[in-house]
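Here is how the chains run, residue by residue.
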Amino acid sequence: MRAELKMRRRNIALTVAYDGTNYNGFQRQNPPNVAVQNVLEERLAKIFGEQIELSASGRTDAGVHAIGQVVNFFTDGRIEIEKIPYAASGALPPDIVVKNAWEADKNFSALHSAQSKIYIYKIQRGAVLNPFMARYSWHIRADLDIELMQAALQMIVGTYDFSAFKAASSTNMNPVRTIYAAEIFNDVENILTIKIHASGFLYHMARNIVAAAVEVGRRRLTLEKFWQIFESKERKLFPATAPAHGLYLYKVFY
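Now for a description of the structure that goes with this document. (Residues numbered from 1 in each chain as written. Predicted model: local features only at pLDDT ≥ 70, side-chain atom pairs only at ≥ 80, totals over all residues. Heavy atoms only, no water.)

1. As for the packing of aromatic side chains
Counted only if it meets this: Classification of ring pairs uses Phe, Tyr and Trp, with its six-membered ring standing for Trp, and accepts pairs whose centres are within 6.5 Å; under 30 degrees between planes counts as stacked, over 60 as edge-to-face, and the remaining range as tilted. The helix and strand labels rest on DSSP assignments: H or I over at least four residues marks a helix, E over at least two residues marks a strand, and numbering proceeds from the N terminus. Only protein chains enter the accessibility calculation, which uses a 1.4 Å probe. A residue is then buried if its area is under 20% of the maximum for its type, exposed if over 50%, and partly exposed in between.
With the rule as written, the count across this model stands at 15 aromatic pairs. Taking 5.8 Å as the distance between ring centres and 80° as the angle between the ring planes, the aromatic pair formed by Tyr160 and Trp227 counts as edge-to-face. Taken together, the residues span a long stretch of sequence, with Tyr160 in strand β7 (residues 158-161) and Trp227 in helix α5 (residues 223-232) at a distance of 67 residues. Overall, Tyr160 belongs to the partly exposed group, its relative accessible area being 28%. Between the aromatic rings of Phe162 and Phe230, the centroid separation amounts to 5.4 Å while the plane-to-plane angle is 55°, which identifies the pairing as tilted. With Phe162 in the loop between β7 and β8 (176-188) and Phe230 in helix α5, this pair connects stretches of sequence that are 68 residues apart. Judged on exposure class, the residue Phe162 and its partner Phe230 are both buried. Ring pairing ties together the aromatic residues Tyr160, Phe162, Phe165, Phe226, Trp227, Phe230 and Phe238, which thus form one cluster.

2. Structural notes on unusual backbone geometry
Cis geometry marks the peptide bond from Pro31 to Pro32; its omega dihedral reads 10°. When you line up the elements, Pro32 lands in the loop between β1 (10-18) and α1 (36-48). One non-glycine residue with positive phi stands out, namely His204, at about 70°. You will see that Arg219, though not glycine, has its phi angle at about 65°, which is positive. Tracing the backbone through its elements, the reader meets Arg219 in the loop between α4 (205-217) and α5. The exposed category is assigned to Arg219, whose relative accessible area is 57%.

Shown next, in the form of structure tokens:
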């Protein structure tokens, strides 16, 4: 965010939900690509009557959804805080929603002030695809052993080097993260939800954990082998990344 924008009087924070299907991720893109940030900045600029530049808690990939993305921006606009979600509902497309707004401290940053995050991942089981979940879950026809998947997830709770779960193209970011909780449960009929709460996530980390847990659930990967690969820190030994459309940024803690 440019320094001159931080000189404005107000620091507004928003919780945003979006369906990521039609967007090239969250982070601002150049035309003809359209990202969630492009749309939010354009429409908020009309509401506040000035250029808006957002900072976000994280950059979700193309096709990834959000239930609790957090953004902040500086403005001199005078619109009352409680009216912002209502004004946004009339300006934004139906697949992007401002859930709430608040006046943040001048030092608050949606990105840098974040302490931890929860991502969830949805898996649809069964021989026949439910078309109403096609854009929001990974359809797996094979039987999955949920107990084995939970056992695999429990093995990586704690502070570790998560290099085995980072994207192959990741930069030299510190791979050490802390997973506070990781669990799998039946959400609704034939829908499994994997919930991971961590201090932070490497690029593709959540989706790579899901893909490895699914291989364990299919009994293609033993718990012993899962742990061996994890300890090896070799990304190439784990399966391909799970599809983006099953992943949701669920909540950010500050």
